[in-house]
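Okay, here's what each chain looks like letter by letter:
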Amino acid sequence: FRRVLFRSREKALHGIHPSRLRWVLLILGCILCLVIQDCVMSRIKLFGATTDLGVAAILQVGLLEGTATGSIFALLASTVYYFSGSAPGAYCVALITVPTMLCGLFRQKYWRRSTGSMLLCSSIAMLVYELGLFGMAVFTGVTHLGRLPYFAKTAVYTIVLMIPLYHLFYRIGTIGGHVWNE
């Protein structure tokens, strides 16, 4: 009986399974954030710094999906981000994946699932990413220690943009859950 009921519901969605639709929308949201970052946000500088909207989107989706699925998503999405040409180097794959995984593990172990814990963990992951990016740039000789405030400003601007981004990805994430089935 369940199989028949599910098939009739699936046909009502024109053959699109809700979880597939959710993943397609999440991936399109990340791609849209990369395009907006490259075309619009990279040209807007506030006190000499800009945002990292593409990284914010990857971190948000990775943390929303839980540790196992989110870590795999962060690894794949950060690889696509690296090959898109806007990433600073191949090390950004590790700088996105590892904080996503560690912050997700910490949140699942010690905090309950809430908007506050999600935004706090994604903010910590963003700070770790920016500090790791700065450390790598200093290590390779691309920048100097005096540029640390600009990296910190980038992290703060991106964290502020993560608030509306979280609500967007949270709404997309409810597709296939109880809201979608009602």
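What counts as what
All chains use their own residue numbering, which begins from 1 and follows the written sequence. Since the coordinates come from a predicted model, pLDDT governs what is reported: local features require at least 70, and pairs of side-chain atoms require 80 or more to be given and counted, while whole-chain, interface and lining totals use all residues. Only heavy atoms go into the side-chain values, all of them from the structure, while hydrogens and water stay out. Helix numbering and strand numbering both begin at the N terminus, where a helix is a DSSP run of H or I of at least 4 residues and a strand a DSSP run of E of at least 2. Exposure is judged per residue with a 1.4 Å probe applied to protein chains only, and the accessible area is read against the type maximum: over 50% gives exposed, under 20% gives buried, and values in between give partly exposed. Only heavy atoms enter the contact rule, under which two residues are in contact if any of them lie within 4.5 Å. Patches in this entry comprise residues that are over 30% relatively accessible and not in a salt bridge; like charges within 9 Å are linked, as are nonpolar side chains (Val, Leu, Ile, Met, Phe, Trp, Tyr) within 5 Å. Accessible areas in this description were obtained via Shrake-Rupley with a 1.4 Å probe; residue shielding takes into account the shown protein chains only. By definition here, a salt bridge exists when the distance from a side-chain nitrogen of Lys or Arg to a carboxyl oxygen of Asp or Glu is within 4 Å. One number per residue, pLDDT, summarises how confident the predictor is, and it ranges from 0 to 100. In plain words, nonpolar cores are sets of buried Ala, Val, Leu, Ile, Met, Phe, Trp, Tyr and Cys residues tied together by side-chain atoms within 4.5 Å. Throughout, an axis means a line fitted to C-alpha atoms (over the contacting stretch in the case of helices), and angles, computed between N-to-C directions, take values from 0 to 180 degrees. The cut-offs work like this: below 35 degrees is roughly parallel, past 145 is roughly antiparallel, 65 to 115 is roughly perpendicular, and the gaps in between are oblique. Put simply, a crossing is left-handed when the front helix is turned counterclockwise from the back one by less than a right angle, and right-handed when it is turned clockwise. All amino acids are sorted into three groups, where Ala, Val, Leu, Ile, Met, Phe, Trp, Tyr, Cys and Pro are nonpolar, Asp, Glu, Lys and Arg are charged, and the leftover types, Gly among them, are polar. Only a pair of cysteine sulfur atoms within 2.5 Å counts as a disulfide in this structure description.

Participant: What should I look at first to understand the overall build of the chain in this one?
Facilitator: Check the secondary structure of the chain and you find 8 helices and 0 strands. Per-residue burial for the chain yields a buried fraction of 41% across its 182 residues. Considering only intrachain contacts with a sequence separation of at least 6, the fraction spanning at least 24 residues in the chain is 67%.

Participant: Teacher, can you tell me more about the environment of Ala 68 here?
Facilitator: Mapped onto the fold, Ala 68 is located in helix H4 (residues 67-83). Among the residues examined, Ala 68 registers a relative accessible area of 58% and is labelled exposed. Linking Ala 68 and Leu 105, residues 37 residues apart in sequence, is a C-alpha distance of 9.1 Å.

Participant: I'm lost on a nonpolar patch on the surface in this one. Help?
Facilitator: A cluster of nonpolar side chains, Val 24, Leu 25, Ile 27, Leu 28, Ile 31 and Val 35, forms an exposed patch at the surface whose accessible area comes to about 480 Å². Looking at the element boundaries, Val 24 is found in helix H2 (residues 18-39).

Participant: What should I look at first to understand the confidence of the model for the chain in this one?
Facilitator: Low-pLDDT stretches of the model should not have their predicted coordinates read in fine detail. In this model, the chain carries an average pLDDT of 81, and 86% of its residues clear a pLDDT of 70 or more. Low pLDDT (under 50) marks residues 4-12, which in the prediction has 5 contacts with non-local residues, meaning those over four places away or in another chain. Counted against residues more than four places away or in other chains, residues 178-182, with its pLDDT under 50, gives 8 contacts.

Participant: Is there a simple way to explain the environment of Thr 97 in this structure?
Facilitator: With respect to the helices and strands, Thr 97 occurs in helix H5 (residues 92-110). Thr 97 sits in the buried class, given a relative accessible area of 12%. Measuring from C-alpha to C-alpha, the distance between Thr 97 and Thr 79 comes to 9.6 Å, with 18 residues separating the pair along the chain.

Participant: When you look at the nonpolar core in this model, what are you seeing that I'm missing?
Facilitator: Note on soluble globular proteins: their nonpolar side chains tend to be buried together. Counting 39 residues, the largest nonpolar core has Tyr 81, Tyr 129 and Phe 169 as its most contacted members. Of all elements in the fold, only H2, helix H3 (53-64), H4, H5, helix H6 (115-140) and helix H7 (148-173) reach the threshold of two or more residues within this core. Take this core: its biggest share by element is 9 residues, from H3. Discounting residues that sit within four places of it in the chain, Tyr 129 has contacts with Asp 52, Val 55, Tyr 81, Pro 88, Cys 92, Leu 95 and Ile 96.

Participant: Got a minute to help me understand the side chain of Glu 65 in this structure?
Facilitator: Within the fold, Glu 65 resides in the loop between H3 and H4. Of the residues examined, Glu 65 reaches a relative accessible area of 19% and is grouped as buried. For Glu 65, the residues in contact, after removing those within four places along its chain, are Arg 22, Trp 23, Leu 26 and Gly 70.

Participant: What is the right way to look at the packing of H6 against H7 in this model?
Facilitator: The relative placement of two packed helices comes down to the angle between their axes together with the axis-to-axis distance. Contact geometry of H6 with H7 gives a least axis separation of 9 Å together with a crossing angle of 150°. It follows from the interaxial angle that H6 and H7 lie roughly antiparallel. For the pair H6 and H7, the sense of crossing is right-handed. In this structure, H6 contributes Thr 115, Met 118, Leu 119, Ser 122, Ser 123, Met 126, Leu 127, Glu 130, Leu 131, Leu 133 and Phe 134 to the contact, and H7 contributes Leu 148, Phe 151, Thr 154, Ala 155, Thr 158, Ile 159, Met 162, Ile 163, Tyr 166 and His 167. Each residue belonging to the contact of H6 with H7 can be placed in one class, and the counts come to 14 nonpolar, 6 polar and 1 charged.

Participant: So what exactly am I meant to see when it comes to the state of the cysteines here?
Facilitator: Such a bond, covalent and formed between the sulfur atoms of two cysteines, is termed a disulfide. What the rule picks out here adds up to 0 disulfides. The thiol of Cys 33 is unpaired, and the distance to the nearest cysteine sulfur, on Cys 30, comes to 6.4 Å.

Participant: Please explain the pattern of salt bridges as it appears in this structure.
Facilitator: Think of it this way: side chains of opposite charge can pair up when their charged atoms draw near. Tallied over the entire structure, the rule returns 1 salt bridge. A salt bridge links Arg 22 to Glu 65; the shortest N-O distance between them is 3.6 Å. Of this pair, Arg 22 sits in helix H2 while Glu 65 is found in the loop between H3 and H4, placing the two residues 43 residues apart along the sequence. Across this residue pair, the class does not change: Arg 22 and Glu 65 are buried.

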